[in-house]
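# Reading the structure
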Amino acid sequence: MPYEVSRQVRCPSRPIKGSSPLTGVEISLPILLVHHDEELWGDDAKEFKPEKFAEGVSKVTNGQLSYLPFGGGPQVCIGQNFAMIEAKLALTLILQHFTFELSPSYAHASSSIASLRPQYGAHLILHQH
Ligand code: HEM
């Protein structure tokens, strides 16, 4: 997930929250902050709870555009479906043959260089079935 998506305002007649931004102004939407917003996601917004998505994205977001790992609108990521299938396929193949746990050497430090990633790598210990 990239840290932010940005756009240059080309049409001053499109108001944003009641104001008309100047033409040429660049507006950035910090995706990471939107995904951690407690108003949108609740008090446990910063906790890792993938089960929130058990009934799909539209259920958990109440139809709001508040989950944007692939952006949204006319410039939404064209590789979204490919990336999701690839990730599910890779994870399925790994889980068919291995279980894994975090290594004690793993240090939790997320870093954002174009996309969000573990700063010191994801140290895993794999166990073959
Ligand atoms: C997990 C993987 C990926 C993530 C998180 C991701 C995320 C994103 C995001 C957030 C945007 C929107 C940027 C914006 O609105 O300014 C975007 C655009 C784009 N992505 Fe991805 N992407 C991923 C994989 C891919 C793959 C695999 C491809 C190509 C096969 C791809 C091709 C593109 C292209 C061409 C755009 C620009 C679309 C446009 O401007 O019309 N992405 N991506």
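- The name that an unreviewed UniProt entry assigns to the protein chain is Cytochrome P450, with the source organism given as Rubus argutus.
- The Cofactor (unreviewed entry) field of the UniProt record for the protein chain holds the comment "heme".
- Quoted verbatim from the Subcellular location (unreviewed entry) heading of the UniProt record, the comment on the protein chain is "Membrane".

## Focus: the coordination of the iron atom of the ligand
- Donation to the iron atom of the ligand from the protein comes from one atom only, Cys77 (SG), at 2.2 Å.
- With respect to the helices and strands, the residue Cys77 is situated in the loop between helix H3 (57-61) and helix H4 (80-97).

## Looking at the site of the ligand
- Taken together, 14 residues form the shell around the ligand, and within it Val5, Arg7, Gly71, Gln75 and Cys77 come nearest.
- For the ligand, an oxygen atom lies 2.6 Å from a polar atom in the side chain of Arg7.
- Sorting the residues of the shell around the ligand by element identifies strand E1 (4-8) and H4 as the ones contributing at least two each.
- Here the residues of the shell around the ligand sort into 10 nonpolar, three polar and one charged.
- When residues of the shell around the ligand are assigned to domains, at least three fall in each of domain 1 (1-76) and domain 2 (78-129).

Cut-offs and rules
- Residues numbered from 1 in each chain as written.
- Predicted model: local features only at pLDDT ≥ 70, side-chain atom pairs only at ≥ 80, totals over all residues.
- Heavy atoms only, no water.
- UniProt positions renumbered as here; feature names shortened; annotations may be inferred.
- Donors = N, O, S within 2.8 Å, 3.2 Å for Na, K, Ca; no water.
- Helix = DSSP H or I, 4+ residues; strand = E, 2+ residues; numbered from the N terminus.
- Near = heavy atom within 4 Å.
- Polar contact = N/O pair within 3.5 Å; in protein donor to acceptor, adjacent residues only side chain to side chain.
- Nonpolar A, V, L, I, M, F, W, Y, C, P; charged D, E, K, R; others polar.
- Domains from an automatic or database assignment.

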